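A closer look at the structure
What follows is each chain in one-letter form.
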Amino acid sequence: MAPRLASPASTSDVITPSSSRLFPPPPTAAPPPFASPSRPRPRGCSRAGSSPLRPPRLSCALLLRRPRFPPAKMEVVNQLVAIGQFRVFKEPLGFVKLLEWFFSIFAFATCGSYSGEFRLSVECANKSESDLSIDVEFSYPFRLHQVYFDAPACKGRETEKVFLVGDYSSSAEFFVTIAVFAFLYTLAAMVIYIFMQDKYRENNKGPMIDFIVTAVFTFMWLVSSCAWAKGLSDVKMATDPDKVIEGMKVCEEKANTCKEIREPITSGLNTSVVFGFLNLVLWLGNLWFVFKETGWTAPFMKYPPAQEKQPAPETYGDAYNQAPGYGQQDTYGQQGGYQPDYSQQGYAQQGEYGQQAGYGQGGPTSFSNQM
């Protein structure tokens with residue numbers, strides 16, 4: 001008896017290579033954070049030549065990640081722009097006010113942020129006691145009587161304190177205060193010009209207040225600029241190294257030598273004085289434009305006399321008769337020109353319609369004598 005061959009295994013028992021247990025699918029790379037499908041790609045940012053594992057260039061990623069304003073904030077900004085009347089800056093009143101605001105910043109910035117320094121040297125008879133580099137610093141508000149430096153006394157290791165002379169803080173602080181208040185007022189005035197133009201011109205109170213305040217600031221700019229110009233000249237004299245050396249006792253001895261090494265740089269302070277007088281000119285010029293808004297010039301304005309209008313004619317016939325080029329006439333029949341005499345033709349002599357001259361006779365009419 002022939003042995004029986006084993007039947008082949010069923011297809012369900014054979015493990016195929018595509019089994020998920022032996023050969024799991026390859027992992028898919030997660031998209032980069034900047035490749036969000038919901039956000040549009042900026043212009044000029046393409047993914048040409050890039051793969052999921054190779055992000056685009058850094059500039060493209062930064063463009064996609066740049067912050068954006070929330071819609072609520074953008075709506076507020078759009079509403080403010082829509083409400084504001086920015087055309088006021090095209091007029092002299094608003095444009096000059098903008099210049100005042102701009103130059104007032106330079107006025108108090110150049111003065112209030114100043115810090116200067118000068119250097120001198122003291123050479124004693126004994127070289128070991130000398131100090132060849134003495135730095136003296138001073139700054140706003142220029143209370144120089146509180147500024148001092150240590151100078152060698154040329155008596156061993158002893159030193160003496162040397163104070164500068166003068167207190168010029170009043171003129172400097174007054175100038176900076178006027179500049180700061182002018183900056184704040186011009187800023188508030190521009191906001192009123194833009195967003196509250198109707199209330200500004202209501203009852204003419206806004207221009208009147210603006211004129212009075214502008215006049216006060218014009219006078220204050222004049223006073224503060226002149227005072228600070230005088231104070232600056234005194235500061236330059238008090239910080240001159242030659243003047244400082246004259247007041248040092250150690251420099252009075254002939255054996256010792258005191259020299260000036262470097263003078264302070266005061267160009268920033270000179271600029272502040274220039275900006276002060278420039279603001280004076282701007283405020284003085286703006287005074288005229290604000291004065292025109294007050295309406296006080298109306299009584300002094302001379303207007304041309306009003307021309308009296310002729311009354312309209314009552315009827316068409318009156319207008320026709322009074323028209324230039326036509327003579328005055330009582331009736332239509334009395335006007336100049338050709339006026340045929342219908343009485344000789346036999347049309348006017350008639351009593352009734354049936355008794356007309358030339359038509360009542362039954363005989364024929366002869367025209368032989370008229371030819």
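Not measured: the values here are computed from a predicted model.

Analysis parameters
- Residues numbered from 1 in each chain as written.
- Predicted model: local features only at pLDDT ≥ 70, side-chain atom pairs only at ≥ 80, totals over all residues.
- Heavy atoms only, no water.
- Disulfide = S-S within 2.5 Å.
- Helix = DSSP H or I, 4+ residues; strand = E, 2+ residues; numbered from the N terminus.
- Buried < 20%, exposed > 50% of the residue type's maximum accessible area, 1.4 Å probe, protein only.
- Contact = heavy atoms within 4.5 Å.
- Axes fitted to C-alpha atoms, helices over the stretch in contact; angles between N-to-C directions.
- Parallel < 35°, antiparallel > 145°, perpendicular 65-115°, else oblique.
- Left-handed = near helix turned anticlockwise from the far one by under 90°.
- Pairing = 2+ DSSP bridges.
- Core = buried A, V, L, I, M, F, W, Y, C linked by side-chain atoms within 4.5 Å.

In total, this model carries two disulfides according to the counting rule given. The partner cysteine of Cys124 in its disulfide is Cys154, sulfur to sulfur 1.8 Å. Classification of the bridge connecting Cys124 and Cys154 rests on its S-S torsion, roughly -75°, and on that basis the disulfide is left-handed. Of this pair, Cys124 sits in the loop between β1 (115-123) and β2 (131-139) while Cys154 sits in the loop between β3 (148-152) and β4 (159-163), and the two are 30 residues apart along the sequence. Neither Cys124 nor Cys154 differs from the other in exposure class; each is buried. Here Cys251 is linked by a disulfide to Cys258, with a sulfur-sulfur distance of 1.9 Å. An S-S torsion of about -95° defines the bridge between Cys251 and Cys258 as left-handed. A single burial state applies to Cys251 and to Cys258, both of which are buried.

Residue placement: Phe217 occurs in helix α6 (residues 205-238). Overall, the relative accessible area of 13% leaves Phe217 in the buried class. Spatially, the C-alpha atoms of Phe217 and Leu280 are 8.5 Å apart, while their sequence positions differ by 63 residues. Apart from residues lying up to four places away in sequence, Phe217 is in contact with Ile178, Phe181, Ala182, Tyr185 and Trp283.

Another point: the packing of helix α3 (residues 92-112) against helix α8 (residues 267-294). Running from N to C, α3 and α8 point in directions that differ by 160°, and their axes come no closer than 8 Å. By the angle between their axes, α3 is roughly antiparallel relative to α8. Both α3 and α8 take part in a crossing whose hand is left-handed.

So, on to the sheet that holds β2. Adjacent strands of a sheet form backbone hydrogen bonds with each other and so pair up, either parallel or antiparallel. Strand order in the open sheet formed by three strands is β2-β1-β5, with antiparallel pairing between adjacent strands. Each edge of the sheet is formed by a strand with only one pairing partner; in this case those strands are β2 and β5 (257-262). This sheet shows a mean twist of 25° between the axes of neighbouring strands, independent of strand direction. Here seven bridges tie β1 to β2, and the two strands are oriented antiparallel to one another. The partner of Arg119 across the bridge, within β2, is Asp135.

Turning our attention to unusual backbone geometry. Across the junction of Tyr140 and Pro141, the peptide omega takes the value 15°, indicating a cis bond. With respect to the element layout, Pro141 can be found in the loop between β2 and β3. The backbone of Cys154 sits at a positive phi, close to 60°, despite the residue not being glycine.

Attention now moves to the nonpolar core. Counting residues in hydrophobic clusters, the biggest one holds 45 residues, and the most contacted among them are Val122, Phe142, Phe149, Trp221, Trp228 and Met248. Put simply, the parts of the chain that give this core at least two residues each are α3, β1, β2, β3, α4 (169-195), α6, α7 (241-246) and α8. Broken down by element, the residue count for this core peaks at seven residues, all from α4. Not counting residues up to four positions away in its chain, the partners in contact with Met248 are Val122, Phe149, Ala151 and Val162. If you look at the next biggest cluster of nonpolar residues, it comprises nine residues, including Val88, Tyr193, Ile194 and Val290.

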